[in-house]
Amino acid sequence: MLKIAYSPIYHHPLPPGHRFPMAKYSLIPEQLLYEGTCTEDNFFEPAKLSEKQILRTHTQEYWTKLKTNSLTRQEERKTGFPLTPKLVEREITICQGTIDNAKHALEYGISMNIAGGTHHAYANSGEGFCLLNDICLASHWLLDNNLANQILVVDLDVHQGNGTAKIMQSEKRVFTFSMHGEKNYPMHKESSDLDIELPDGTEDGLYLQTLENNLPRLIDEVQPDFIFFQSGVDVLATDKLGRLGLNMEGCKQRDKFVLERCKQNNIPVAVNMGGGYSHKLSDIVDAHANTFRLAQEIYF
């Protein structure tokens, strides 16, 4: 069964006019239920992440600032969100959802989070709508519990997974692969184990060919026994914060290629939604929903 992490807390209230499309976290599960892709049985509500688990990845100083609502004004501005206790509760729920996804993926081959993919969070700071790094937290959980020996992070969000790259730079059991827009945020990029930078306006053909030329080779070379897939849909040409040129079908074919490679190689995969900022909320929801539709089609 496809297990999907979701909680109503994912849809966090933001000030009017805020550019982050928080409503998508309610609309995606509603759409999946409405169209029959999923039933209520597919969804589970994560608990809250433990402090011990948080401190495996993040510094005590940073976590204390988060839980006491004491980021500086500049630190708060870098995250892109007004800091509140409820926002921190949201974040630790999402992160526990990704750890739970890792458990379910080991059993079912795949599991998904309606949110997550918070790849801009560093060990000691947050930025770019990310407070804690769920993929790093879940990777550490797998490694510490001897449930994985070699992890591959496939980050196909339009923005580089800078926080993930930095946190995992000395962890040889986690290979970080980021394929992103060359001239997009973050302006200072970290060094992933493999970075592929794409020029502005890259369309379906070049994008998919680049992915096809690299992912199977990586799987052969890295020999992962677990994959985290950051499936941000901000690669769409319609995205306000992206600079690439994929259409809806190209984005869908990207996800299909990744999930089929995981399935064919019998590698468990945990999927996080990542970013999506198209002008039309319906485009964001449909692009994300495609990822869930493909998971059902390919795995179940």
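Placed above this text is the structure.
Residues numbered from 1 in each chain as written. Predicted model: local features only at pLDDT ≥ 70, side-chain atom pairs only at ≥ 80, totals over all residues. Heavy atoms only, no water.

A. Molecular detail of the overall build of the protein. A count of helices and strands for the protein gives 10 helices and 8 strands. For the protein, the C-alpha atoms occupy an extent of roughly 45 × 45 × 40 Å along the three principal directions. Burial statistics for the protein: of 300 residues in total, 62% are counted as buried. As displayed, the protein offers around 11900 Å² of accessible surface, 48% of which is attributable to carbon and sulfur atoms. Mean positive and mean negative side-chain charge positions of the protein (29 and 39 charges, respectively) differ by 4 Å. (Helix = DSSP H or I, 4+ residues; strand = E, 2+ residues; numbered from the N terminus. Buried < 20%, exposed > 50% of the residue type's maximum accessible area, 1.4 Å probe, protein only. Areas by Shrake-Rupley, 256 points an atom, 1.4 Å probe, with all protein chains shown as cover. Lys, Arg positive; Asp, Glu negative; His and termini not counted. Charge placed at Lys NZ, Arg CZ, Asp CG, Glu CD.)

B. Summary view of the pattern of salt bridges. What the rule picks out here adds up to 15 salt bridges. Its salt-bridge partner being Lys-65, residue Glu-75 comes within 2.8 Å of it at the nearest N-O pair. Taken together, the residues Glu-75 in helix α4 (residues 73-79) and Lys-65 in helix α3 (residues 60-67) connect sequence positions 10 residues apart. Residue Glu-75 is classed as partly exposed on the basis of its relative accessible area, which comes to 27%. A salt bridge links Asp-286 to Arg-293, with the shortest nitrogen-to-oxygen separation between them at 2.8 Å. Of the residues examined, Asp-286 reaches a relative accessible area of 30% and is grouped as partly exposed. (Salt bridge = Lys/Arg side-chain N within 4 Å of Asp/Glu carboxyl O.)

C. Looking closely at the packing of helix α5 (residues 85-108) against helix α6 (residues 134-144). Running from N to C, α5 and α6 point in directions that differ by 45 degrees, and their axes come no closer than 8 Å. Here α6 runs oblique to α5, going by the angle between their axes. Judged by the twist between their axes, the crossing of α5 over α6 is right-handed. Contacts between α5 and α6 involve Cys-95, Thr-98, Ile-99, Ala-102, Lys-103 and Leu-106 from the former and Asp-134, Leu-137, Ala-138, Trp-141 and Leu-142 from the latter. Each residue belonging to the contact of α5 with α6 can be placed in one class, and the counts come to 8 nonpolar, 1 polar and 2 charged. (Axes fitted to C-alpha atoms, helices over the stretch in contact; angles between N-to-C directions. Parallel < 35°, antiparallel > 145°, perpendicular 65-115°, else oblique. Left-handed = near helix turned anticlockwise from the far one by under 90°. Contact = heavy atoms within 4.5 Å. Nonpolar A, V, L, I, M, F, W, Y, C, P; charged D, E, K, R; others polar.)

D. Up close: α6. In terms of burial, α6 is a largely internal element, 10 of the 11 residues being buried. Residues Asp-134, Ile-135, Cys-136, Leu-137, Ala-138, Ser-139, His-140, Trp-141, Leu-142 and Leu-143 constitute the buried set of α6. At the exit of α6 stands Asn-146, carrying a positive phi of roughly 55 degrees.

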